[in-house]
Amino acid sequence: MKKLAICCAMAAAFVAAPASAQGYVGFGVGSSKISGADGTEMGFTYSGGNANRGSVKVFGGFQITPTWGAEAQYTDLGSRDVVETSGGVVTGRDSVRASQFSIAGTGTLPLSQSFALIGKLGVSQNRIKASGVNENKSDLLIGLGVSYSINPKMSVRAEYEDFGKISKNGGPNGGSIRASNYSVSLKYAF
């Protein structure tokens, strides 16, 4: 039901958009960071979950006005090999994959003819997959970046995005497991 409401809201934004509105798609690569996944709990030590990994993202959106827009995005945050030890002996290994899907409002502040600051605020549906675990957690998405226009249709973006908590259960030390991403993307407007 929640996904249906989000889709309806996005469709309404597209229908209500002015004639000067512009759609766009993009692709990016970057480096994702997971924090809070390593630590000790009940005599077991977990390591490898906080490693930085390569990320890939695809996105599409609608620039409703020159300043305001809406964007949907999927990011594969990569896979991490987590090792569980007790007393220096390996007791388990698992591969943990993280990803996210988000819908956000965007803001653009032109700095010159070619450069602009960009910001995002929205909702991120975060996902962790491991053997026997398939967990989803929604949280706030905050993003900041800069954009450089190559021509009226093509631009390059450098961004930092914080996807918030990606686990309902928290990390080994009782804290939260969070995800973030630095990326460089190519955007094409149509």
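To start, this report covers the structure provided alongside it. (Residues numbered from 1 in each chain as written. Predicted model: local features only at pLDDT ≥ 70, side-chain atom pairs only at ≥ 80, totals over all residues. Heavy atoms only, no water.)

### Structural notes on the pattern of salt bridges
Throughout the structure, instances matching the rule amount to nine salt bridges. Between lysine 120 and glutamate 71 there is a salt bridge, and its shortest N-O distance comes to 2.8 Å. Taken as a pair, lysine 120 in strand E7 (residues 115-130) and glutamate 71 in strand E5 (residues 68-86) lie far apart in primary sequence, 49 residues in all. Residue classification places lysine 120 among the buried positions, given a relative accessible area of 8%. Looking at glutamate 71, the relative accessible area reads 2%, which means it is buried. When salt bridges with common partners are traced through the structure, they connect Lys57, Glu71, Lys120, Arg157, Glu159 and Glu161 into a single cluster. (Salt bridge = Lys/Arg side-chain N within 4 Å of Asp/Glu carboxyl O. Helix = DSSP H or I, 4+ residues; strand = E, 2+ residues; numbered from the N terminus. Buried < 20%, exposed > 50% of the residue type's maximum accessible area, 1.4 Å probe, protein only.)

### Focus on the pairing of strand E1 (residues 22-35)
Two elements, E1 and strand E4 (residues 53-63), share eleven bridges in a ladder whose sense is antiparallel. Bridging across to E4, serine 31 finds its partner in glycine 54. Examined bridge by bridge, E1 and strand E10 (residues 178-189) share twelve bridges and lie antiparallel to one another. For serine 31, the partnering residue across the bridge sits in E10 and is tyrosine 182. (Pairing = 2+ DSSP bridges.)

### Regarding the packing of aromatic side chains
By the definition in use, this model includes three aromatic pairs. Centroid distance tyrosine 24 to phenylalanine 59: 6.3 Å. Interplanar angle 65°. Geometry classified as edge-to-face. One end of the pair, tyrosine 24, is in strand E1; the other, phenylalanine 59, is in strand E4, with 35 residues separating them in the sequence. Per residue, the accessibility class of tyrosine 24 equals that of phenylalanine 59, and both read buried. Taking 4.9 Å as the distance between ring centres and 50° as the angle between the ring planes, the aromatic pair formed by tyrosine 160 and tyrosine 182 counts as tilted. With tyrosine 160 in strand E9 (residues 154-165) and tyrosine 182 in strand E10, this residue pair connects regions lying 22 residues apart in the sequence. The exposure class assigned to tyrosine 182 is exposed, which follows from its relative accessible area of 52%. The positively charged end of lysine 187 is found above the aromatic ring belonging to tyrosine 24, 4.3 Å away from the centroid. (Phe/Tyr/Trp six-rings, centres within 6.5 Å; stacked < 30°, edge-to-face > 60°. Lys NZ or Arg CZ within 6 Å of the ring centre and 35° of its normal.)

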